[in-house]
Amino acid sequence: MTSLGILQILVFFALICVCVKPLGGYMARVFEGQRTFMHPVLRWLEVLTYKASGVREDVEQRWTQYTASLISFSIFGFLLMYFLQRAQGFLPFNPQHFGGAQATPDLAFNTSTSFVTNTNWQNYGGESTLSYFAQMAALTVQNFVSAAAGIAVAIAVVRGFARHQMRTIGNFWVDVTRASVYVLLPISMVGALF
């Protein structure tokens, strides 16, 4: 390994160590439902999401309900993503006129599975296979929400250990919403500036 490679690893490790305390504390407050500095800016979006989806943020779930919510969310995401790829020929924002020939059933299945499971293993060239709409509504959205689901599962595991006396581990829908609104959205906005 070169000295530049070692330096790169050390800088990356130092950045992680610097971010652990403030980001970890912020995320702990977010997932406990406590007020953070982002609440004045983003609370309206969280509340709007709950109202639109019919989720009550004060209702918690047992681990079986939490797991069922995760599985149903993943299955719905998979089916929607598969449909958007296969039907791209009939959907808007398709100036290349891509259709089913580009997103074959096996390729659409593979892509949907990889994005829903957050592995993002790709076996295609996005610009030569998928329409703008399919990339935007299927791939980009799934990149965001599958990461939120992964964060929610990690939070549920932590709660499971911390709340060993309780029967509930939070609410999957609330955790996914908070991960999206208070963690991923601000990070993506800051990342977009760079």
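Provided above is the structure to which this section pertains.
Described in the following lines is the structure provided in the data block. (Residues numbered from 1 in each chain as written. Predicted model: local features only at pLDDT ≥ 70, side-chain atom pairs only at ≥ 80, totals over all residues. Heavy atoms only, no water.)

**Focus on the layout of surface pockets**
Size it by volume and the largest pocket reaches roughly 320 Å³. The wall of the largest pocket is formed by 13 residues, among which Thr49, Val145, Val176, Thr177 and Ser180 lie closest to the centre. When contributions to the lining of the largest pocket are tallied by element, the ones reaching two or more residues are helix 2 (39-53), helix 6 (132-162) and helix 7 (172-193). Per-element accounting of the lining of the largest pocket gives the leading share, six residues, to helix 7. Partitioned by chemical class, the residues of the lining of the largest pocket number nine nonpolar, four polar and no charged. By volume, the second largest pocket amounts to about 230 Å³. What lines the second largest pocket is Pro22, Leu23, Tyr26, Phe37, Met38, Tyr182, Val183, Pro186, Ile187 and Val190. Among the secondary structure elements, those contributing two or more residues to the lining of the second largest pocket are helix 1 (3-31) and helix 7. Looking at which element gives the most residues to the lining of the second largest pocket, the answer is helix 7, with five residues. Its residues assigned to classes, the lining of the second largest pocket shows ten nonpolar, no polar and no charged. (1 Å grid on protein atoms, 1.4 Å probe; cavity = no way out; pocket = protein on both sides within 12 Å on 5 of 7 lines; lining within 4 Å. Points joined across faces, edges and corners; volume = space filled by probe spheres on them. Helix = DSSP H or I, 4+ residues; strand = E, 2+ residues; numbered from the N terminus. Nonpolar A, V, L, I, M, F, W, Y, C, P; charged D, E, K, R; others polar.)

Limitation: the analysis is restricted to geometry and does not speak to function.
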